[in-house]
Structures are given as C-alpha cells and as structure tokens.
Amino acid sequence: MRPSLPLLLALALPALAQGFPDDPAFGGSRVFSQGYSPLGNSACFDQAPPGWYVGVIRGDLKPKDQTAAMEPFRGGFPSDATLQAQALSKLGENPWAVRRGSAGLSLSLAGGVHGSYTRESLTGLLAVVDLDPAHRGAPAATALNTTFLEQRRFQVDRLVMGVGSMEGGTAYGVSLRAENWRYGSNRIPLNPPLGPIGFGDPDRLLDFSRTEGKRFAATLDAGVVFQLAPGLRLGALVDRVVSATLGDLKEQPQTRVGLQVDLGGGLAVSGEADLNEAVRVPVAEKQRSTSASLRIPVGASLLWLLGAERRTVGRASSTSFGTTLLLRAGAFHIGAGMRFGQDRPLTGLGFRFE
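Read on for an overview of the structure. (Residues numbered from 1 in each chain as written. Predicted model: local features only at pLDDT ≥ 70, side-chain atom pairs only at ≥ 80, totals over all residues. Heavy atoms only, no water.)

Moving on, we come to the environment of glutamine 66. Summarising the element assignment, glutamine 66 is placed in helix α1 (residues 66–70). Of the residues examined, glutamine 66 reaches a relative accessible area of 4% and is grouped as buried. (Helix = DSSP H or I, 4+ residues; strand = E, 2+ residues; numbered from the N terminus. Buried < 20%, exposed > 50% of the residue type's maximum accessible area, 1.4 Å probe, protein only.)

In structure tokens form, the structure reads like this:
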C-alpha cells in the first residue's frame, strides 16, 4: 500500500456530519462532491480514484456569537432588567451549538462502487428563550422566566453501500444507509426548582454524553448530475429519502440542488442550496443551508479552494468561510485548510491509500 491522495488537514465547517472532509467550507461541494464521502452526492461516487479512504472530523460548530451570548449566564443571571433583556435577546439570536466527532473508512471501486463505515457522535445545545417583558426585572418577575437549554446526544454506527457513475453526460447514483443509533437528552432551566438561577459553566454544556435510547434506521440517498453543456453542470441530491424518527426528532427528506461552471484554465465555481427545511440531529429545529465554492489553480501543482456557507437553524442564521490549499507532488497530494470560526474549531483529516 502506498499513500497517493489527499492528506487533508482542515479547519472547516461540514454542511452535514460525514466523517470525511468533503464539503463547501473546504472549497468543495455536496452536490458536486469528490466521491469518497458517504453523505456526498452518490452520483459522484465514480469521481474518487479506486482505493481506501480514511477520514476524521472533530470540533465545534456554532454561530460566531454563541459563546459571547452564553457569557452573561455563567455566574447566574444579571439583576438589571435592561441587561437581562440584552442577554436573552442575544441568546435568542445565537441559540444553538454542536460538538461533532467522527471517524470513517470508505472503499471506492472501479465503476463508481462505494462502501463505507462511519462512527460518529454529535452533541447539540439549543436555547429556547422566553422574551416576555413581564418575565424579567424584579426577582418575582424573573422567577417566571421559562428560558431553558436543551442538550441532546447522538451516537451512530453507519454502513453505506452505493453506486454512481456518469454515462452519456448524465450521472445517476443511489446509496443505502444502515444506521445504529443511541441517543439521550436533558433540559436545563434558567430557573430550576432548587438551586441558583443560571446555566452553570457554559464551557461544559457540550460535554453532555448520556444516551438511554436505541434505534436502528435504514434509508436511501439518491443523486443526479447533468452535463448541460461543456463546462456547465446541474446537480441534485435527496438526503434521507426514507424518514427516520430518532427519539422525539424526525429526520425527513431534504433536497439540495447546485450549478457548477468551469471558467477556463482549471478555474471553477459552484453554488448550491437546500430547497426545503428539515430537522437534522442533534438540534430540534428545522434547518437549511446555501453555499458557494471556488476552485483556483495556482501553478501546475497547487490548487486553492475557497468555500462559504450560510446556515439557518430555526430563525437563527450564521455564515462561515473556509479556505484550503492542495499541493500535488507526483503521486502524493497534501492539503491544509482553515475555517474562520472560534472556540474548538472543526478539524478534518483524510487520506487515501491503495
């Protein structure tokens, strides 16, 4: 066996948990994926050269102001009504955070055949904020405030088998996902029946790891890519064709479409967006995203990738940016990238061997 392609070390934001760094914030794309990610577009499975792929992702995903929004609650709750209103409003605008850890192994075969195994853990935090003016100010009013934090933990072992390839300018793909889930949840009220007002140490809220429920789920994913003209491609994918209920959360089908244009000289730009909102673990809110990516060749052996994503979770939106440099030196390719974020940045590592 010899290393031959991407050693990707990146600080980036995946659109979905995958276990493999192949997404818009790496300068990549879900609709026009590289073919080795089990949750990319199955129509692109033949884009990955045959071989084994290993991927690891770890870190936090949150709006850029989420940490600052939690700070006023570290030592309790402000006594001043104006400060209380400001703290609750900022928390309502930045209510969610996710901690993600995953590792996966995939096999790509000639003809676009894909097989993979991924183990993944996700911890979600969601603030449900009571902004009623009558529920802040004096202690008696503050005692009526119903703001609470919801913690959720999901762990999954995922097997994926799929096939996808292009023929006559059109690529079709389908994959079967078999998932063994464990999950748990917890609620932290701002005003507990006993004890001080507040949420405790915000730095430890994503350490929640309890799971008490179990569920096996199977589903299909499907995708297509059309070559509309030389250098112009239209693609679409459906994530989770068959719905799955995990505890009290129900993941339903979500459709994503994209357009990719070659600008000449290896330069390419793509844009893509979810057409509908759908709940995705570990947060009990419907979400959708829009993203764009740019591929810029810099000389014969260096490729510069830029990516951006706008994600909406419930009524709160956040934007992230990332960049990656890929160096191709003969059979060995290596890349490094960064997501412009905060706290425990989401990092990804992947490589191929054959």
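This is not the end of the story, as more comes after the structure.
Taken as a whole and assessed by the stated rule, the structure comprises five aromatic pairs. The interplanar angle of 15 degrees and the centroid separation of 5.1 Å between the aromatic rings of tyrosine 36 and tyrosine 53 together place this pair among those described as stacked. In this pair, tyrosine 36 is assigned in the loop between β1 (3–11) and β2 (51–61) and tyrosine 53 in strand β2, connecting sequence segments 17 residues apart. Assigned by exposure class, tyrosine 36 and tyrosine 53 land together as buried. On the basis of an interplanar angle of 15 degrees and a centroid distance of 5.6 Å, the ring pair of phenylalanine 73 and phenylalanine 77 is categorised as stacked. (Phe/Tyr/Trp six-rings, centres within 6.5 Å; stacked < 30°, edge-to-face > 60°.)

A word on the nonpolar core. Counting 16 residues, the largest nonpolar core has Met70, Phe73, Leu91, Leu125, Leu149, Phe199 and Leu205 as its most contacted members. Of all the secondary structure elements, the ones that give two or more residues to this core are α1, α2 (81–93) and β4 (113–128). Among the elements that line this core, the one with the most residues is α2, at three residues. Discounting residues that sit within four places of it in the chain, methionine 70 has contacts with Leu91, Leu149, Phe199, Pro202 and Leu205. Phe154, Val156, Leu249 and Val279 belong to the second largest nonpolar core, which has 10 residues in total. (Core = buried A, V, L, I, M, F, W, Y, C linked by side-chain atoms within 4.5 Å. Contact = heavy atoms within 4.5 Å.)

This brings us to α2. With 13 residues, α2 extends 18 Å between its outermost C-alpha atoms, agreeing within 8% with the 18 Å of an ideal straight helix rising 1.5 Å per residue. Residues of α2 that are buried include every one of Gln84, Ala87, Leu88 and Leu91, and no others. With its buried residues spanning 95 degrees around the axis, α2 presents them on a single face. At the N-terminal boundary of α2, the capping side chain belongs to aspartate 80, with an oxygen 2.9 Å from the backbone nitrogen of threonine 82. (Expected span 1.5 Å × (residues − 1). Arc of directions from axis to C-beta. Polar contact = N/O pair within 3.5 Å; in protein donor to acceptor, adjacent residues only side chain to side chain.)

On to the layout of surface pockets, then. Here the second largest pocket is characterised by a volume of approximately 310 Å³. Together, 15 residues line the second largest pocket, and Gly92, Pro95, Ala127, Val129 and Arg315 are the ones closest to its centre. Listing elements by their share of the lining of the second largest pocket, those giving two or more residues are α2 and β4. Of all the elements, α2 adds the most residues to the lining of the second largest pocket, at four residues. Looking at side-chain class alone, the lining of the second largest pocket contains nine nonpolar, three polar and three charged residues. (1 Å grid on protein atoms, 1.4 Å probe; cavity = no way out; pocket = protein on both sides within 12 Å on 5 of 7 lines; lining within 4 Å. Points joined across faces, edges and corners; volume = space filled by probe spheres on them. Nonpolar A, V, L, I, M, F, W, Y, C, P; charged D, E, K, R; others polar.)

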